Amino acid sequence: MTDHARRRPGPAARAPRIHRAWFVAAVTFVTIVGAAAFRSLPGLLIDPLHQEFGWSRGTIGAAVSVNLALYGLTAPFAAALMDRFGIRKVVAVALTVTAVGAGSTVWMTSAWQLVLSWGLLVGLGSGSMALAFAATVTDRWFTTRRGLVTGILTAASASGQLIFLPLLSWIVETHDWRPAAVTVALAALAVVPFVWLLLRDHPADLGHKPYGATAFVPRPEPARGAARRAVTVLFAAARTGTFWLLAGTFAICGASTNGLVQTHFVPAAHDHGMPVTAAASLLAVIGVFDVVGTIASGWFTDRFEPRRLLAVYYALRGISLLFLPMLLAPSVHPPMLFFIVFYGLDWVATVPPTVALCREQYGDDSAIVFGWVLASHQVGAALVAFLGGVARDAFGSYDMVWYASGALCAAAALMALVIRRRPATGPVLA
């Protein structure tokens, strides 16, 4: 099919009853749910690897931190590669790399192999399916309802956590950690056919307008020099104060979620006598309320000022973390359940307003800019994943890390309030 035919709707083309954008969003949702399998496992591996190999929690945390850092640093380059080669090809390759990395852990005998397989390969693969993937799909396929769709796709990760955490914790507890790693690899491979057969790169490929658009949008020419473009966009965005405020707040977001709670909540609860399966189930319940909170946040973002939403989210998260050390106990009790619900509603509610601010400030480059902002999120997560393990080794408890994270969230709330609105004179990076 010629480029001309691909980019102009045929005269007989009719809008379908259900816009194809919703089917693309559904495939994206399933992909992110499958990807959540390998996002759920690191916190469950800390104690088993410590017991089997004698590695310190700091050493294991270092491998997890490499994974988290690459998850973020890969995202802007992946967004640029999607502009060059298409979403479908990039995501299919990423899932395959993730499966290879997760599956190869079953043969490791040294800590450097954990860093190579789980840190490098799974980090690169998962980074290519990070939230920049969701932002790219939303920007291409939707003109209206972007906040809501961003919230739904962000919630997909929590949905995957809800599905896989109880399963993986049961496998680790009853069959050892290796079958759990194989399960993660198979889950990644199982998603590849859905991506290859059902995902489409642009509405123009099918002769459709983006959802909510009043005019047909031709598919842009493939953007060559993906790495150069990602770096160029970074340098341009870095000249603005807004970028550093967004990157700083999102770094604290990552530190207080993926780096701290997702990585260290299970071993911290186990330190207080709580069974691993019970602690993992609590994390899964966080995923339930995360779905609700993130979709609601997307709805709010379409209607309210995103800066104020971010300030509220970070302030509430900080308060909840300050109370957590007093709630950990051998059994699950009502105050802990209240924390789980409260924290779950706030887990990644920050994503829709952050994406909206990137879109407002940086226009067509917003997906790549958000990729760099997400990189800061994962750098923050990586630091706390490592430092949390070091603090546990040094002090025999995680209490200091909970309190420090609560204080950081208070700082993020203040940073969000000073982000300026962009004047309607054109995109910042123009």
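Note that the structure is predicted; figures quoted are calculated from it, not measured.

## What about the packing of helix 12 (residues 258–271) against helix 13 (residues 276–301)?
Thinking step 1. Interhelical geometry of helix 12 versus helix 13 gives an angle of 145° and a closest axis separation of 8 Å. Viewed along their axes, helix 12 and helix 13 form a crossing whose handedness is right-handed. Contacts between helix 12 and helix 13 involve Val261, Gln262, Phe265, Val266, Ala269 and His270 on the former and, on the latter, Val276, Ala279, Ala280, Leu282, Leu283 and Ile286.
Thinking step 2. Looking at the contact of helix 12 with helix 13 residue by residue, the classes come out as ten nonpolar, two polar and no charged.

## Re the nonpolar core
Thinking step 1. Formed by 117 residues in total, the largest nonpolar core has its most connected members in Val261 and Phe265.
Thinking step 2. When sequence neighbours within four positions are dropped, the list of residues in contact with phenylalanine 265 reads Leu260, Ala279, Leu282, Leu283, Leu324, Leu328, Met336, Ile340 and Trp402.
Thinking step 3. Counting six residues, the second largest nonpolar core, distinct from the first, contains Val64, Leu68, Ala69 and Ala385.

## Brief notes about the pattern of salt bridges
Thinking step 1. Overall, the coordinates contain seven salt bridges when judged by the stated rule.
Thinking step 2. The partner of arginine 178 in a salt bridge is aspartate 176, and the shortest N-O contact between them spans 3.2 Å.
Thinking step 3. Residue class for arginine 178 comes out partly exposed when judged on its relative accessible area of 24%.
Thinking step 4. A salt bridge links glutamate 360 to arginine 307; the nearest nitrogen and oxygen atoms lie 2.5 Å apart. Of the two residues, glutamate 360 is situated in helix 16 (residues 351–362) and arginine 307 in helix 14 (residues 306–323); the sequence distance between them amounts to 53 residues.
Thinking step 5. Residue glutamate 360 is classed as partly exposed on the basis of its relative accessible area, which comes to 22%.
Thinking step 6. Linked through salt bridges whose partners overlap, the residues forming this network are Glu52, Asp176 and Arg178.

## Some points on the confidence of the model for the protein
Atom-level detail of predicted coordinates should not be read off regions where pLDDT is low.
Thinking step 1. In the predicted model, the protein carries a mean pLDDT of 81, and 90% of its residues have values of at least 70.
Thinking step 2. Between residues 1–13, whose pLDDT stays under 50, and residues either more than four places distant or in other chains, the model counts 14 contacts.

## Some details on helix 13
Thinking step 1. Look at helix 13: 36 Å from first C-alpha to last across 26 residues, which is about the 38 Å you get at 1.5 Å a residue.
Thinking step 2. Phenylalanine 289 marks the point of greatest bend in helix 13, at about 25°.

## Comments concerning unusual backbone geometry
Thinking step 1. We note that aspartate 176 has phi near 90°; this positive angle belongs to a residue other than glycine.
Thinking step 2. The class of aspartate 176 is partly exposed, set by a relative accessible area of 33%.

## Structural notes on a nonpolar patch on the surface
Thinking step 1. On the surface, Val312, Leu316, Ile319, Leu322, Phe323, Met326 and Tyr403 cluster together into a nonpolar patch covering about 650 Å² of accessible area.
Thinking step 2. The element that contributes the greatest number of residues to the nonpolar patch is helix 14, accounting for five residues.
Thinking step 3. Mapped onto the fold, phenylalanine 323 is located in helix 14.

## Side note on the environment of phenylalanine 133
Thinking step 1. With respect to the helices, strands and loops of the structure, phenylalanine 133 is situated in helix 7 (residues 131–141).
Thinking step 2. Once the C-alpha coordinates of phenylalanine 133 and threonine 28 are considered, the two residues, 105 residues apart in sequence, prove to be 8.5 Å apart.
Thinking step 3. With near-sequence residues (within four places) excluded, phenylalanine 133 lies in contact with Thr28, Thr31, Ile32, Met82, Ile87, Val91, Ser128 and Leu199.

## Focus on helix 18 (residues 399–417)
Thinking step 1. Compared with the 27 Å implied by 1.5 Å per residue over 19 residues, the 28 Å span of helix 18 between its first and last C-alpha is a close match.
Thinking step 2. Among all positions of helix 18, only Val401, Trp402, Ser405, Gly406, Cys409, Ala412, Ala413 and Ala416 are buried. Mapping the buried residues of helix 18 onto a view down its axis gives an arc of 140°, with all of them on the same face. Exposed residues on helix 18 whose side chains face more than 90 degrees from its buried face are Met400 and Leu414.
Thinking step 3. Turning to helix 18, the residues buried within the fold contact helix 11 (241–256), helix 12, helix 14 and helix 17 (366–395).

## Examining the side chain of threonine 136
Thinking step 1. Residue placement: threonine 136 occurs in helix 7.
Thinking step 2. Contacts of threonine 136, omitting those with residues within four sequence positions, involve Ala79, Met82, Ile87 and Ala367.

## Focus on the packing of helix 16 against helix 17
Each pair of packed helices can be summarised by the angle the axes make with each other and by the distance between the axes.
Thinking step 1. Between helix 16 and helix 17, the least distance of the axes is 9 Å, while the angle of their chain directions is 130°. Classified by the angle between their axes, helix 16 and helix 17 sit oblique to one another. The chirality of how helix 16 crosses helix 17 is right-handed. Of the residues in helix 17, those in contact with Val351, Thr354, Val355, Cys358, Arg359 and Tyr362 of helix 16 are Ser366, Val369, Phe370 and Val373.
Thinking step 2. Taken together, the residues of the contact of helix 16 with helix 17 sort by class into seven nonpolar, two polar and one charged.

## Points about the packing of aromatic side chains
Thinking step 1. Tallied over the full model, the rule gives twelve aromatic pairs.
Thinking step 2. Summarising the aromatic geometry, the rings of phenylalanine 53 and tryptophan 55 are spaced 4.3 Å apart at their centres and angled 10° between planes, so their arrangement reads as stacked.
Thinking step 3. Given the relative accessible area of 12%, tryptophan 55 is considered buried.
Thinking step 4. A network of ring pairs unites the aromatic residues Trp22, Phe142 and Tyr211 as a single cluster.

Cut-offs applied
Per-chain numbering applies: the sequence of each chain, read as written, is numbered from 1 onward. Only residues with pLDDT of at least 70 are given local features in this predicted model, and only at 80 or more are side-chain atom pairs given and counted; all residues enter the totals for whole chains, interfaces and linings. Working from all heavy atoms in the structure, the side-chain values ignore hydrogens and water. In this analysis, axes come from line fits to C-alpha atoms, helices being fitted only over the stretch in contact, and the angle between any two N-to-C directions falls in the range 0 to 180 degrees. Numbering of helices and strands runs from the N terminus; a helix is a DSSP stretch of H or I covering at least four residues, while a strand is a stretch of E covering at least two. For any pair of crossing helices, the crossing counts as left-handed if the nearer helix is rotated counterclockwise from the farther one by less than a right angle, and right-handed if it is rotated clockwise. By the convention used here, residues are in contact when the closest approach between their heavy atoms is within 4.5 Å. Amino acid classes used here: Ala, Val, Leu, Ile, Met, Phe, Trp, Tyr, Cys and Pro are nonpolar; Asp, Glu, Lys and Arg are charged; the rest, including Gly, are polar. Joining through side-chain atoms within 4.5 Å is the link that ties buried Ala, Val, Leu, Ile, Met, Phe, Trp, Tyr and Cys residues into a set, and such a set is a nonpolar core. Only protein chains enter the area calculation, which uses a 1.4 Å probe; residues under 20% of their type maximum are buried, those over 50% are exposed, and those in between are partly exposed. By definition here, a salt bridge exists when the distance from a side-chain nitrogen of Lys or Arg to a carboxyl oxygen of Asp or Glu is within 4 Å. As a per-residue quantity, pLDDT reports the predictor's confidence and falls between 0 and 100. In this scheme, a helix's expected span is set at 1.5 Å multiplied by one less than its residue total. Take the seven residues that end at a residue and the seven that start at it, fit an axis to each, and the angle between those axes is the bend at that residue. A residue counts toward a patch only above 30% relative accessible area and without a salt bridge, and it is joined to like-charged neighbours within 9 Å or, for Val, Leu, Ile, Met, Phe, Trp and Tyr, to nonpolar neighbours within 5 Å. For every accessible area listed, the method is Shrake-Rupley and the probe measures 1.4 Å; residues are considered covered only by the protein chains on display. The directions considered for the arc are those from the helix axis to the C-beta atoms. The labels follow the angle: roughly parallel below 35 degrees, roughly antiparallel above 145, roughly perpendicular from 65 to 115, and oblique for the rest. Pairing of aromatic rings covers Phe, Tyr and Trp, the last through its six-membered ring, and needs centres within 6.5 Å; plane angles under 30 degrees mean stacked, over 60 mean edge-to-face, and all others mean tilted.

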